[in-house]
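Structural characterization, general
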2 protein chains.
Amino acid sequence: MGKVIAGITTSVDGYVAGPGDGPGVGLGKGGERLHNWVFGGPWTYDDEPDSEMAPEDAAWMEEAMSGLGAVVAGRWTYEAADHWGGENPWNLPFFIVTHRPEEQPEGGAFNFVGSLEDALAQAKEAAGDKHVHVMGGADLIRQALASGQVDELTIIVAPVILGGGKQLFEGFTEDIELEHKGVRQSQYATFIDYAVK
Amino acid sequence: MGKVIAGITTSVDGYVAGPGDGPGVGLGKGGERLHNWVFGGPWTYDDEPDSEMAPEDAAWMEEAMSGLGAVVAGRWTYEAADHWGGENPWNLPFFIVTHRPEEQPEGGAFNFVGSLEDALAQAKEAAGDKHVHVMGGADLIRQALASGQVDELTIIVAPVILGGGKQLFEGFTEDIELEHKGVRQSQYATFIDYAVK
């Protein structure tokens with residue numbers, strides 16, 4: 001059985017998006033800097049990024065991806081990403097947790113599921129011996145942590161203080177001990193891997 | 001002229017103390033785990049820690065200390081630390097920012113100063129070519145960051161989610177870009193050094 005690995009990029013002050021994130025505005029005001037590491041430098045929603053992920057990050061991403069068998073995201077993330085243009089960006093079974101599973105689009109790119117519990121169960125079955133990645137948003141990662149089903153947590157910290165937006169741990173009141181699995185840093189992010197005790 | 005270096009230990013969810021910190025209770029409920037790295041393992045306020053700082057952390061601390069010429073702390077930190085038993089724990093000029101500088105104790109261990117601006121000015125003068133360390137609390141570090149006077153920021157992340165307490169960036173609304181200076185990890189903490197752009 002694979003593990004459940006939650007992972008998300010935050011600012012130094014703990015935001016996973018700047019103010020006003022959502023459909024058409026992605027990561028909110030200033031929030032695109034959180035993902036500079038993804039594009040290898042500053043980028044905007046209007047232009048194609050003119051740089052590529054740094055080789056060390058690309059190598060990490062490739063290794064991480066090779067261990068994954070399924071991905072779970074929240075409905076807000078799906079909407080804020082503008083449905084990834086209707087195409088599953090992961091090339092893996094992709095489960096979207098939503099209160100309105102009946103709104104699942106045709107085509108089979110996304111599996112809408114009515115609860116985190118069901119989504120994790122289905123994702124684990126689809127992943128087999130591989131890992132399930134809980135990609136966010138913040139609320140879904142909080143739910144997953146609170147449910148005790150997260151085996152590992154990866155926090156990717158972008159070198160920016162946003163001063164506002166959506167906080168990863170907003171309203172989270174659980175006390176959870178973690179254990180270091182490792183850390184690495186590239187120009188645009190610090191990657192910290194934890195095991196949940 | 002030395003730099004102004006702010007540095008503090010936080011939980012993964014951004015707390016510099018657990019719930020109810022203050023005089024007699026130090027870092028609040030569960031907050032003592034933030035400083036496991038200082039004592040090389042779990043410790044309590046009631047017993048002398050029976051372990052020592054890990055050699056790699058001790059080496060880092062020694063190097064960091066050798067560059068420092070003065071330290072600035074907030075009055076709350078001074079009180080929560082129970083005045084460090086009346087003894088300056090740094091063996092360096094130590095400035096305490098307080099609204100009531102007239103309450104400075106006799107003996108010269110601590111220099112009470114009425115504003116952050118004055119404290120930084122006096123600390124810089126005392127430090128000469130060496131660096132000034134702003135050790136906290138959270139409010140003082142936020143003030144220092146907002147004033148534009150911080151050159152470097154070190155966030156020491158302890159591997160625990162506290163789920164409550166005092167947040168480093170509580171109410172902070174500035175947008176500040178940082179640049180990586182480096183990262184390292186030991187058993188009980190991840191040390192991330194940033195330059196403030």
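Conventions and cut-offs
Residues numbered from 1 in each chain as written. Chains lettered and ligands numbered in written order. Predicted model: local features only at pLDDT ≥ 70, side-chain atom pairs only at ≥ 80, totals over all residues. Heavy atoms only, no water. 1 Å grid on protein atoms, 1.4 Å probe; cavity = no way out; pocket = protein on both sides within 12 Å on 5 of 7 lines; lining within 4 Å. Points joined across faces, edges and corners; volume = space filled by probe spheres on them. Nonpolar A, V, L, I, M, F, W, Y, C, P; charged D, E, K, R; others polar. Buried < 20%, exposed > 50% of the residue type's maximum accessible area, 1.4 Å probe, protein only. Helix = DSSP H or I, 4+ residues; strand = E, 2+ residues; numbered from the N terminus. Least-squares fit on C-alpha atoms with pLDDT ≥ 70 in both. Contact = heavy atoms within 4.5 Å. pLDDT = per-residue confidence, 0-100. Pairing = 2+ DSSP bridges. Buried area = accessible area lost by both parts, 1.4 Å probe. Salt bridge = Lys/Arg side-chain N within 4 Å of Asp/Glu carboxyl O. Polar contact = N/O pair within 3.5 Å; in protein donor to acceptor, adjacent residues only side chain to side chain. Expected span 1.5 Å × (residues − 1). Arc of directions from axis to C-beta.

Further remarks concern empty space enclosed by the protein. Going through the model one piece at a time under the given rule, you end up with one cavity of 30 Å³ or more. One number sums up the size of the largest cavity: a volume of about 340 Å³. Around the largest cavity sit 24 residues that line it, and Val12 and Gly14 of chain A together with Ser11, Val12 and Gly14 of chain B are the ones nearest its centre. Classifying every residue of the lining of the largest cavity by side-chain character gives 14 nonpolar, eight polar and two charged.

Our focus in this paragraph is helix H5 (residues 138-146) of chain A. At 3.6 residues per turn, the α-helix brings residues three or four places apart onto the same side. Restricting attention to buried positions, one finds in H5 of chain A the residues Ala138, Leu140, Ile141, Arg142, Ala144 and Leu145 of chain A. The first or second residue beyond H5 of chain A is Gly148 of chain A, which carries a positive phi of 75°.

Rotating chain A by 180° and moving it 0.0 Å along the rotation axis overlays it on chain B with an RMSD of 0.0 Å. Here the two chains are linked by the operation of a two-fold rotation axis. No C-alpha of chain A approaches the rotation axis more nearly than that of Gly14 of chain A, which lies at 3.5 Å. An overlap of 100% is found between the interface residues of chain A and their copies at the interface of chain B, pointing to a shared contact surface.

Moving on, we come to the environment of Glu174 of chain A. Within the secondary structure, Glu174 of chain A is located in the loop between strand E9 (166-167) and strand E10 (176-186). Excluding residues within four positions of it along the chain, Glu174 of chain A makes contact with Ala146 of chain A together with Ile161, Leu162 and Gly163 of chain B.

This prediction gives chain A a mean pLDDT of 95; 100% of its residues lie at or above 70. Across the whole predicted complex the pTM is 0.95, and at the interface the ipTM reaches 0.95.

Quick look at the pairing of strand E10 (residues 176-186) of chain B now. In the sheet, strand E8 (residues 160-161) of chain A pairs with E10 of chain B via two bridges, with the strands oriented antiparallel. Within E10 of chain B, the residue paired with Ile161 of chain A across the bridge is Ile176 of chain B. Counted between consecutive antiparallel strands, the loop separating E10 of chain B from strand E11 (residues 189-196) of chain B contains two residues.

Bringing the interface of chain A and chain B into the picture now. Contacts between the two partners involve 32 residues from chain A and, on the opposite side, 32 residues from chain B. A combined buried area of about 2,600 Å² lies between chain A and chain B, and 56% of that area is made up of carbon and sulfur atoms. When the buried surface of chain A facing chain B is broken down by residue, Ile161, His180 and Gln185 of chain A rank first, second and third, together holding 25% of it. Taken together, the connections running from chain A to chain B amount to four salt bridges. Among the salt bridges present, the one from Glu177 of chain B reaches Arg33 of chain A, with a minimum N-O distance of 2.9 Å. Along the contact surface separating chain A from chain B lie 15 residue pairs in polar contact (both at pLDDT 80 or more). Sort the elements by how many residues they give to the side of chain A that touches chain B and E10 of chain A lands first, with eight residues. Along the lines of polarity and charge, the residues of the side of chain A that touches chain B split into 18 nonpolar, nine polar and five charged.

Now for helix H4 (residues 116-127) of chain A. All names here are of chain A. Here H4 spans 16 Å end to end across twelve residues, near enough to the 16 Å set by a 1.5 Å rise per residue. Where H4 is concerned, the buried positions are Leu116, Ala119, Leu120, Ala123 and Ala127. The arc that holds every buried residue of H4, seen down its axis, measures 95°, which confines them to one face. Of the exposed residues in H4, the ones pointing more than 90 degrees away from its buried face are Glu117 and Glu125. Contacts from the buried residues of H4 go to strand E1 (4-10), strand E3 (68-74), strand E4 (94-97), strand E5 (111-113), strand E6 (131-136) and H5. One or two steps after H4, the chain reaches Gly128, where phi turns positive at roughly 60°.

With that settled, consider the pairing of E6 of chain A. When a strand is regular, its side chains alternate between the sheet's two faces. Residue and element names in this part refer to chain A. For E6, a buried count of five out of six residues is recorded, marking the element as mostly surrounded by other parts of the structure. Note that E1 and E6 share three bridges and pair parallel. When the sheet's bridge partners are listed, Ile5 is paired in E6 with His133. Of the pairings in the sheet, the one linking E3 to E6 comprises five bridges and is parallel in character. The partner of Leu68 across the bridge, within E6, is His131.

A side chain with one charge can pair with a side chain of the opposite charge if their charged atoms come near. Residues and elements named next belong to chain A. Enumeration according to the criterion identifies 20 salt bridges over all chains in this entry. Notably, a salt bridge pairs Arg184 with Asp57, separated by 2.8 Å at the nearest N-O pair. Taken together, the positions of Arg184 in strand E10 and Asp57 in helix H2 (residues 55-66) put the pair 127 residues apart, joining distant regions of the chain. On the basis of relative accessibility, which here comes to 21%, the residue Arg184 falls in the partly exposed class. The class of Asp57 is buried, set by a relative accessible area of 2%.

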